[in-house]
Amino acid sequence: MNTVKAIYPGSFDPVTNGHLDLIARGSKIFDHLVVAILRNSSKNPLFSVEERVDMLTEALAGFENVSVATFDGLLVDFVREQHAQAVVRGIRAISDYEYELQMALMNRRLAPDLETIFLMPDGKYSFVSSRLVKEVFTLGGSIEGLVPQFVIDRLKVRVPTNGH
């Protein structure tokens, strides 16, 4: 039987409800979806790779065909290593599309057999990003409904805020 495996790469620092929405959508399309955390120290992440793996593992407990992995280096190399056929990327706005199109075309040049699938999150998450969540939280704003509660709990322990 031919199964289709896809990789959903990102930093997930932290995981948001927008990410989880795309994972739920991808899990219905593909036989197996690997949520792949990029180990990129140059991005200066708030949470360690291990903490992000823990958060995603907790968030994905109900998904039987979704797993969590980590990678560094070129995405196409990780995709080949995983024997996957597709990459899933989220598109929130035109600005995302421009960047994602460049990445998809470069990946296609490096791996012509690899397909990139763009998914849009539910409209209520169309503005949500990990960066924005961290910024709003740090400034004392509410991020309720934008991330799982366990992410809020971890942020409360990790981040000094103006107003919490």
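Refer to the structure presented above.
Residues numbered from 1 in each chain as written. Predicted model: local features only at pLDDT ≥ 70, side-chain atom pairs only at ≥ 80, totals over all residues. Heavy atoms only, no water.

Caption draft 1: Broad picture of the pairing of strand S2 (residues 32-38). For S2, the buried fraction is high: 5 of the 7 residues fall into the buried class. As paired strands, strand S1 (residues 5-10) and S2 are joined by 6 bridges and run parallel to one another. Paired with Ala6 across the strands is Leu33, a residue of S2. With helix H1 (residues 17-29) bridging S1 and the parallel S2, this β-α-β connection has right-handed handedness. Sheet topology note: the S2/strand S3 (residues 66-71) ladder contains 6 bridges and is parallel. From the neighbouring strand, Ile37 faces S3, where its bridge partner is Thr70. (Buried < 20%, exposed > 50% of the residue type's maximum accessible area, 1.4 Å probe, protein only. Helix = DSSP H or I, 4+ residues; strand = E, 2+ residues; numbered from the N terminus. Pairing = 2+ DSSP bridges. Right-handed = clockwise from strand over helix to strand, strands pointing away.)

Caption draft 2: Fine view of helix H6 (residues 149-158). What H6 keeps buried is the set Phe150, Val151, Ile152 and Leu155. The secondary structure elements touched by the buried residues of H6 are helix H2 (49-59) and helix H5 (130-138). (Contact = heavy atoms within 4.5 Å.)

Caption draft 3: Structural detail: the pairing of S1. Buried residues dominate S1, accounting for 6 of its 6 residues. Side chains of S1 alternate between two faces, with Lys5, Ile7 and Pro9 and Ala6, Tyr8 and Gly10 buried alike.

Caption draft 4: Inspection of the packing of H2 against H6 at higher detail. Relative to each other, H2 and H6 sit at 155°, their axes nearing to 11 Å. By the criterion of interaxial angle, the relationship of H2 to H6 is roughly antiparallel. For the pair formed by H2 and H6, the contact residues are Glu51, Asp54, Met55, Glu58 and Ala59 on the first element and Phe150, Val151, Arg154 and Arg158 on the second. Considering only residue class, the contact of H2 with H6 consists of 4 nonpolar, no polar and 5 charged. (Axes fitted to C-alpha atoms, helices over the stretch in contact; angles between N-to-C directions. Parallel < 35°, antiparallel > 145°, perpendicular 65-115°, else oblique. Nonpolar A, V, L, I, M, F, W, Y, C, P; charged D, E, K, R; others polar.)

Caption draft 5: Structural detail: the packing of aromatic side chains. By the definition in use, this model includes 3 aromatic pairs. A ring pair is formed by Tyr8 and Phe12, whose centres lie 5.3 Å apart and whose planes are at 80°; its orientation type is edge-to-face. As far as the burial class goes, Tyr8 and Phe12 line up, both buried. Each ring, one from Tyr97 and one from Phe118, has its centre 6.0 Å from the other, and the planes form 70°; the classification is edge-to-face. (Phe/Tyr/Trp six-rings, centres within 6.5 Å; stacked < 30°, edge-to-face > 60°.)

Caption draft 6: Representation of the pattern of salt bridges within the structure. Under the defined criterion, the tally for this structure stands at 8 salt bridges. Residue Arg25 is joined to Asp21 by a salt bridge in which the shortest nitrogen-to-oxygen separation is 2.8 Å. Of this pair, Arg25 and Asp21 both sit in helix H1, separated by 4 residues, roughly a single helical turn. Of the residues examined, Arg25 reaches a relative accessible area of 32% and is grouped as partly exposed. (Salt bridge = Lys/Arg side-chain N within 4 Å of Asp/Glu carboxyl O.)

Caption draft 7: Examining the environment of Val128 more closely. Relative to the helices and strands, Val128 resides in the loop between strand S5 (115-119) and H5. Spatially, the C-alpha atoms of Val128 and Val147 are 9.2 Å apart, while their sequence positions differ by 19 residues. Val128 has contacts with Thr16, Arg92, Val133 and Leu146, leaving out every residue within four places of it along the chain.

Caption draft 8: Highlighting the side chain of Arg89. Within the secondary structure, Arg89 sits in strand S4 (residues 86-90). For Arg89, the side chain forms a polar contact with the side chain of Glu100, separated by 2.7 Å. Apart from residues lying up to four places away in sequence, Arg89 is in contact with Pro9, Gly10, Glu100, Thr116, Ile117, Phe118 and Leu119. (Polar contact = N/O pair within 3.5 Å; in protein donor to acceptor, adjacent residues only side chain to side chain.)

Caption draft 9: Representation of the nonpolar core within the structure. Tyr8, Ile23, Val35, Leu56, Ile143 and Leu155 are the most contacted members of the largest nonpolar core, which has 31 residues in total. Residue assignment for this core shows that the elements contributing at least two residues are S1, H1, S2, H2, S4, H5 and H6. If we ignore the near neighbours within four places in the chain, the residues touching Val35 are Tyr8, Phe12, Ile23, Leu56, Leu60, Val66, Ser67, Val68 and Ala69. In this structure, Leu75, Phe78, Ala84 and Leu114 belong to the second largest nonpolar core, which totals 13 residues. (Core = buried A, V, L, I, M, F, W, Y, C linked by side-chain atoms within 4.5 Å.)

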